[in-house]
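Below are the chains, spelled out letter by letter.
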Amino acid sequence: MAMIRIRGGRPLHGEYTVPGSKNGALPILAASILCSQGPVTLLGCPHLSDVENMLALLRHLGCQTRWEGDALTIDAQNARVSQMPEELAKVMRSSIFMLGPLLGRFGSAVATYPGGCDIGLRPIDLHLKGLRTLGARITEQAGYIFSDGAALKGGMIHLDYPSVGATENLMMAAALTPGTTRLTNAAREPEIVQLQDFLRAMGADISGAGTETITINGVERLSGCSFPIAADRIVAGTFLVAAAITGGEIALRGAPVEQLAAVEAKLREAGCTLEKDGALWRLRAPAKLGAIESIETQPYPGFPTDMQALFLALCTRGQGASVITENIFENRFRVVPQLARMGARIRVSDRTAIVHGPGRLTGAGVTAPDLRGGAALVVAALAAEGETRIGRVDLIDRGYEHIEQDLSALGADAVRIEG
Ligand SMILES: CC(=O)N[C@H]1[C@@H](OP(=O)(O)OP(=O)(O)OC[C@H]2O[C@@H](n3ccc(=O)[nH]c3=O)[C@H](O)[C@@H]2O)O[C@H](CO)[C@@H](O)[C@@H]1O
Ligand SMILES: C=C(OP(=O)(O)O)C(=O)O
């Protein structure tokens, strides 16, 4: 098994270009199967293991896929319905995104319960309830989800919770479903707006993404287009935290600054200076990081749950106690025992973690518990004395293309050791 070895204590300095977004790309890849006329080309698509797994799923469903640099072309003209292979569904939460588009285009789908990082129970009841409201007949048997959407028609769906994935799945199902579908209490994340933009580029009639009501008028068919994948707000946030914890300075190129308002506010509270400088967004760390009184994860535009573990790491270096509350996923403090191995003093009670800083972080052998927990260990290792070895790099690779190379280019001593 590969691991990342980091020798800490070197402040990061330099410029970093933010890559395309994983959470933007994954639903867009699923939506490409809706396109029956001509190929779609996604520009600036990140080369991530999750993207490759999604492509394997698309090929299994009869699509042709081709990379040319960062441009990814998918031709779904000859796509067909077929049972999704369990091994792919098991490793990737986003396999569930195929359900809506397959129902929309072919009127049937067979899926398995999705796997992915262990950050909570992650039920899919809201996805299934919404599809049933559109007329899908869904039966669940031995881990398989059989859905028949021959009689799909537009309808009113109120989501009990603004789930990102359920909103996306239902937008995709409704794009080719006759009649008008209205989604209320929809998620408002930037990735929902990106999916709407992509569906529109293929010819869909959809509006309202970014607000809590999305309206979709089904069209007969969708056709090919070329579409840019937007920059990854969580990767951008990760590199800001990495620079901050090492007492360094970073300039991000192509950062989605407005999408990071909640993260920026907390970095400022920790004493960082952030300013726009033309196309660059600069962060300068203070001589000593301050504690952060309270962070509460919330749906967008609140503080993102995907940044929570990274701030656990950052707050270990803050002067005093910081309080972090996780409201979205019930199992997202699994990195705490790993950070404790590096000397962090964090007390968890239910959904709240109290981080006592400033502690001395020291290198240790640790294991990524999930994608962002893994990134938090990388960031902590940059600030630790001595050598840290981080295992389960495969989880980190889900969302970061070659994190050790990008950090090395900014001055870190970080290498991947293939095992
Ligand atoms: C590929 C992708 O974009 N992943 C993101 C997406 O995940 P994902 O789309 O899975 O997250 P959701 O917004 O659906 O989940 C939020 C909460 O709703 C619950 N829930 C969700 C669906 C459902 O049918 N029933 C239900 O109870 C979940 O268990 C969780 O507690 O949004 C999360 C919240 O911003 C991010 O952390 C993930 O990085
Ligand atoms: C939890 C995440 O992703 P996914 O929903 O794909 O598991 C994440 O990106 O932090």
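Only a predicted model underlies this, so the values are computations on that prediction, with no experimental measurement involved.

Reading the values: the criteria
Residues numbered from 1 in each chain as written. Chains lettered and ligands numbered in written order. Predicted model: local features only at pLDDT ≥ 70, side-chain atom pairs only at ≥ 80, totals over all residues. Domains from an automatic or database assignment. Contact = placed C-beta atoms within 7 Å. Helix = DSSP H or I, 4+ residues; strand = E, 2+ residues; numbered from the N terminus. Nonpolar A, V, L, I, M, F, W, Y, C, P; charged D, E, K, R; others polar. Pairing = 2+ DSSP bridges. Axes fitted to C-alpha atoms, helices over the stretch in contact; angles between N-to-C directions. UniProt positions renumbered as here; feature names shortened; annotations may be inferred. Near = placed C-beta within 6 Å. Buried ≥ 20, exposed ≤ 12 C-beta atoms within 10 Å, placed from the backbone. Core = buried A, V, L, I, M, F, W, Y, C linked by C-beta atoms within 7 Å.

### Description of the domain arrangement of the protein
Next, step 1: When the domains of the protein are assigned, the result is domain 1 (3–19 + 231–417) and domain 2 (22–228).
Next, step 2: Here domain 1 and domain 2 have C-alpha centroids that lie 31 Å from each other.
Next, step 3: At the interface, 19 residues of domain 1 touch 16 residues of domain 2.
Next, step 4: Of all the elements, helix 13 (residues 393–397) adds the most residues to the side of domain 1 that touches domain 2, at 3 residues.
Next, step 5: Among the residues making up the side of domain 1 that touches domain 2, the classes are represented as 7 nonpolar, 3 polar and 9 charged.

### Quick look at the sheet that holds strand 6 (residues 71–75)
Strand pairing in a sheet takes place through backbone hydrogen bonds and is either antiparallel or parallel in direction.
Next, step 1: Strands sit in the order 5-6-4-15 across an open sheet of 4 strands; the sheet is mixed. Edge positions in the sheet fall to strand 5 (64–68) and strand 15 (226–228), since each of these pairs with one other strand and no more. Geometrically, the sheet is characterised by an average inter-axis angle of 20° between neighbouring strands, direction not taken into account.
Next, step 2: Here 3 bridges tie strand 4 (residues 40–43) to strand 6, and the two strands are oriented antiparallel to one another. Considered in strand 6, the bridge of V40 is made with I74.

### A look at the UniProt feature "domain: Enolpyruvate transferase" (unreviewed entry) in the protein
Next, step 1: Under the UniProt annotation, "domain: Enolpyruvate transferase" (unreviewed entry) lies at residues 7–407.
Next, step 2: Across residues 7–407 one finds 32% helix and 25% strand; the C-alpha atoms that close the span lie 12 Å apart.

### Quick look at the site of ligand 1
Next, step 1: Within the structure, ligand 1 sits among 23 residues, and N23, L126, S163, V164 and G165 are positioned closest to it.
Next, step 2: Taken together, the residues of the shell around ligand 1 break down into 11 nonpolar, 7 polar and 5 charged.
Next, step 3: Split by domain, the shell around ligand 1 shows at least three residues from each of two domains, domain 1 (3–19 + 231–417) and domain 2 (22–228).

### Topic: the environment of K266
Next, step 1: Position of K266 among the secondary structure elements: in helix 9 (residues 261–269).
Next, step 2: Residue class for K266 comes out buried when judged on the 22 C-beta atoms lying within 10 Å of it.
Next, step 3: Once the C-alpha coordinates of K266 and V348 are considered, the two residues, 82 residues apart in sequence, prove to be 20 Å apart.

### A look at the site of ligand 2
Next, step 1: Surrounding ligand 2, one finds N23, R93, S94, G116, C117, I119, D306, L371, R372 and G399.
Next, step 2: Taken together, the residues of the shell around ligand 2 sort by class into 3 nonpolar, 4 polar and 3 charged.
Next, step 3: Of the residues that make up the shell around ligand 2, three or more belong to each of domain 1 (3–19 + 231–417) and domain 2 (22–228).

### As for the nonpolar core
Next, step 1: With 142 residues, the main nonpolar core has A175, A244, L312, V378, V379 and A380 as its most contacted residues.
Next, step 2: Taken domain by domain, this core gets at least three of its residues from each of domain 1 (3–19 + 231–417) and domain 2 (22–228).
Next, step 3: Setting aside its immediate chain neighbours within four residues, A244 contacts L267, A270, C272, L283, A285, L289 and L314.

### Concerning the UniProt feature "active site" (unreviewed entry) in the protein
Next, step 1: The UniProt record marks C117 with the feature "active site" (unreviewed entry), using the residue numbering of this structure.
Next, step 2: Relative to the helices and strands, C117 is located in the loop between strand 7 (108–112) and helix 5 (125–133).
Next, step 3: Among the residues examined, C117 registers 23 C-beta atoms within 10 Å and is labelled buried.
Next, step 4: In this structure, C117 is in contact with D370, L371 and L395, ignoring residues within four places of it in sequence.

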